[in-house]
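# Observations on the model geometry
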Amino acid sequence: RAADPAAAGVAGGPQDPDVLRGGTWIGFLERAAVSATILAGSAEGLVVVLAVKGLGRYAELRAPAAAERFIIGTLASALWAASCVGVAILLRS
């Protein structure tokens with residue numbers, strides 16, 4: 001059995017800080033844009049936000065660790081933004 005590359009400290013693994021750099025800022029902007037499009041009731045806007053993020057990261061997604069991190073991060077970020085908007089709408093009612 002091969003050792004886990006992340007545990008061995010090999011570059012390019014899921015825990016490599018150089019994989020998908022800038023994710024904190026991109027994630028913040030993504031959540032703000034997703035929240036705005038949900039509040040505006042624009043399903044098309046939501047598709048555009050996620051497509052632009054995917055196109056912006058396209059060149060970096062060849063690495064399996066990057067692709068996995070991108071998919072999980074995008075889904076988690078969008079769900080978090082939608083949940084926050086849902087809670088805000090419920091609290092306003």
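What counts as what
- Residues numbered from 1 in each chain as written.
- Predicted model: local features only at pLDDT ≥ 70, side-chain atom pairs only at ≥ 80, totals over all residues.
- Heavy atoms only, no water.
- Helix = DSSP H or I, 4+ residues; strand = E, 2+ residues; numbered from the N terminus.
- Buried < 20%, exposed > 50% of the residue type's maximum accessible area, 1.4 Å probe, protein only.
- Contact = heavy atoms within 4.5 Å.
- Areas by Shrake-Rupley, 256 points an atom, 1.4 Å probe, with all protein chains shown as cover.
- Expected span 1.5 Å × (residues − 1).
- Axes fitted to C-alpha atoms, helices over the stretch in contact; angles between N-to-C directions.
- Parallel < 35°, antiparallel > 145°, perpendicular 65-115°, else oblique.
- Left-handed = near helix turned anticlockwise from the far one by under 90°.
- Nonpolar A, V, L, I, M, F, W, Y, C, P; charged D, E, K, R; others polar.
- pLDDT = per-residue confidence, 0-100.

### A short note on the overall build of the protein
Secondary structure summary: the protein contains three helices and zero strands in total. Secondary structure elements of the protein, listed N to C terminal, follow the sequence α-α-α. Counting over 93 residues, the protein shows a buried share of 24%. Summarising the internal contacts of the protein: among those between residues at least 6 apart in sequence, 63% fall at separations of at least 24. As displayed, the protein offers around 6,700 Å² of accessible surface, 69% of which is attributable to carbon and sulfur atoms.

### Description of helix 2 (residues 43-57)
Count 3.6 residues to each turn of an α-helix, and residues three or four apart come out pointing the same way. The end-to-end C-alpha distance of helix 2 is 22 Å, a good match for the 21 Å that 15 residues give at a rise of 1.5 Å each. Those residues of helix 2 that fall on the buried side of the exposure criterion are Gly-45, Val-49, Lys-53, Gly-54 and Arg-57. Summarising the contacts, the buried residues of helix 2 are in contact with helix 1 (23-40) and helix 3 (64-92).

### Side note on the packing of helix 2 against helix 3
Helix 3 packs onto helix 2 with a crossing angle of 160 degrees between their chain directions and a minimal axis gap of 12 Å. The angle between the axes of helix 2 and helix 3 places the two elements in the roughly antiparallel class. When you trace helix 2 past helix 3, the crossing you get is right-handed. Mapping the contact onto sequence places Leu-50, Lys-53, Gly-54 and Arg-57 in helix 2 and Phe-70, Gly-73 and Thr-74 in helix 3. The class makeup of the residues in the contact of helix 2 with helix 3 is two nonpolar, three polar and two charged.

### Concerning the confidence of the model for the protein
When pLDDT is averaged along the protein, the result is 81, and 77% of the positions lie at 70 or above. Low pLDDT, under 50, characterises residues 1-10; the stretch is placed with three contacts to residues that sit more than four places away or in other chains.

### Structural notes on the side chain of Lys-53
By the element assignment, Lys-53 lies in helix 2. In contact with Lys-53, other than residues within four places in its own chain, are Ile-26, Glu-30, Phe-70, Gly-73 and Thr-74.

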